[in-house]
Amino acid sequence: RNSLLSFGAPHLSQVAKEDLEQTAVLLCAPGKGISACDESAGTVGKRFEAVGISNTEENRRKYRQMLFETDGIDQFLSGVILDPETLYQKSSTDGRLFPEVLKSKGIVPGVKPHLKVYELPGTNGDTIMQGLDSLALRAREYKKAGAKFAKWRSPIVIDVNSGRPTSIAIRANMQDLARYALICQSEGLMPIVEPDISLSGDHDLEIAVKVNIAVQSELFKAMTDMGVYMSGATLKSNIVNPGKDCLQSYTVQEIADANLFVLRQSFPVAMKGNNYLSGGQSLRQAAARLSAINQVKKTDPWNLSFSWSAAIQLPLLDLCKESGELEIEQMSKLYKEELQIASRASLGKLNDLKEAIITETEPRAAQQYIDEVLREIKPGSPNTA
């Protein structure tokens, strides 16, 4: 029989809940991930300047247009996170706003609504993100501009010697993430929550696991305590790794086991999936680890995929070093190839798992590595081995 009962989030209508959950389902489509294109003008500027490109609004628009209009990316992407500047920019191809361009490809557009981090007093350097006070108004405007979801990042650093992260910082950041999620849902945006534990430090994998569990369990408790509709929210967490200066080496298999262990401690089954951030890893490192995680996953209910920025975009910009100009054609080709590798990793179908040592340094996304992986892919079947 039909039931009129509605469990959880009584402040939301049934229609609102269904819309939020549908967005979560679309973003967590197997074999697809999210392209993180939400860097601020300042961050993009640093990347441009490193390869000799002028940081103008038009160059940023032209660069983002390549990321959105490359043919075939809809095979590998379910969503794209935009910076507010990009949300209101238009394509020079047909004059449409970028959210409309993405929607026409079946890709869900989202936005980054948080502002800047500031230091939390009395914590030896822990930080917290700004932007909650005006979030409802901005979320309403972003929704009108075409965004269907939002993503809020709360950065956390592990520093054993200084006692970080402090319990105060964990609690404050995770409560803010929960409040952000609650506000976004009330304005019709599906929230992605991003507790981002930095790769910096010399801590080992055991400490990383302990801190990640503490952070994520605090987050999900705060979300449920505040009445967030969990089926209408998704996660974007760091891949659980030892610090980049850790002297101990770990295999890809050990990293995969650690990540599944962390998720199994508190990640709600109501949430559809987790799109891992790259967080300073190269494409090869991030893809190998994501693929191994999905090979280990077995009966776990979540879709585990990617939402990468630097791992994918820095190799694109490297193509511009000689000319100091945006090499759109070359960048578009490489971008699609990188997304194809990320897609295979999200399905656990990368066979090249030789990258085992976390502390090694390597060039980002060497073309040789990309070519090796793509040679294994059968023509016409981008998401199958």
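Placed above this text is the structure.
Given the structure is predicted, the values throughout are model-derived calculations rather than measurements.

A. Quick look at the pairing of strand S9 (residues 273-276). Burial of the side chains of S9 extends over both faces: Gly273 and Asn275 are buried on one face and Asn274 and Tyr276 on the other. Of the strand pairs in this sheet, S9 and strand S10 (residues 303-308) are connected by 4 bridges, and their pairing is parallel. By the bridge assignment for S10, Gly273 is matched with Asn303. Each parallel crossover has a hand, and for S9 linked through helix H10 (residues 283-297) to S10 it is right-handed.

B. A look at the packing of aromatic side chains. Tallying each qualifying case throughout the model produces 6 aromatic pairs. When the centroid spacing of 5.4 Å and the interplanar angle of 35° are considered together, the rings of Trp152 and Tyr180 count as tilted. Linking Trp152 in strand S6 (residues 149-156) with Tyr180 in helix H7 (residues 167-186), this pair joins segments that are 28 residues apart in sequence. Residue class for Tyr180 comes out buried when judged on its relative accessible area of 0%.

C. Focus on the state of the cysteines. Tallied over the full model, the rule gives 0 disulfides. Here Cys37 is not disulfide-linked; the sulfur of Cys320 is the nearest cysteine sulfur, at 15 Å. Sulfur of Cys184: no disulfide; nearest cysteine sulfur belongs to Cys28 and is 16 Å away.

D. Just the pattern of salt bridges, in detail. Within this structure, the stated rule accounts for 20 salt bridges. Residues Asp300 and Arg264 are paired through a salt bridge, measuring 2.7 Å at the closest nitrogen-oxygen approach. Of this pair, Asp300 sits in the loop between H10 and S10 while Arg264 sits in helix H9 (residues 252-266), and the two are 36 residues apart along the sequence. If you follow the salt bridges from partner to partner, you end up with Asp38, Lys151 and Glu194 in one network.

E. Quick look at the nonpolar core. With 96 residues, the main nonpolar core has Tyr63, Tyr180, Val193, Met223, Met271, Trp308 and Tyr335 as its most contacted residues. Counting residues per element, this core draws most heavily on helix H8 (residues 205-225), at 9 residues. Ignoring sequence-local partners within four residues, the contact set of Met271 consists of Val193, Phe220, Met223, Met230, Ala233, Thr234, Leu235 and Trp302.

F. Broad picture of H9. Between its terminal C-alpha atoms H9 stretches 23 Å, which fits the 21 Å expected from 15 residues at 1.5 Å a residue. Among the residues of H9, Val252, Ile255, Ala256, Ala258, Asn259, Leu260, Val262 and Leu263 are the ones counted as buried. Looking at the buried positions of H9, the neighbouring elements they touch are H8, strand S8 (234-235), S9, H10 and S10.

G. Representation of unusual backbone geometry within the structure. Looking along the chain, the bond that leaves Arg164 and enters Pro165 is cis, with omega of 5°. Tracing the sequence through the fold places Pro165 in the loop between S6 and H7. A positive phi angle, near 45°, is found at Ala9, a position not held by glycine. Along the chain, Ala9 turns up in the segment before helix H1 (14-27). At Asn124, a position not held by glycine, the phi torsion is positive, near 65°.

Rules used in this analysis
- Residues numbered from 1 in each chain as written.
- Predicted model: local features only at pLDDT ≥ 70, side-chain atom pairs only at ≥ 80, totals over all residues.
- Heavy atoms only, no water.
- Buried < 20%, exposed > 50% of the residue type's maximum accessible area, 1.4 Å probe, protein only.
- Helix = DSSP H or I, 4+ residues; strand = E, 2+ residues; numbered from the N terminus.
- Pairing = 2+ DSSP bridges.
- Right-handed = clockwise from strand over helix to strand, strands pointing away.
- Phe/Tyr/Trp six-rings, centres within 6.5 Å; stacked < 30°, edge-to-face > 60°.
- Disulfide = S-S within 2.5 Å.
- Salt bridge = Lys/Arg side-chain N within 4 Å of Asp/Glu carboxyl O.
- Core = buried A, V, L, I, M, F, W, Y, C linked by side-chain atoms within 4.5 Å.
- Contact = heavy atoms within 4.5 Å.
- Expected span 1.5 Å × (residues − 1).

Any functional reading would require information that these geometric values do not contain.
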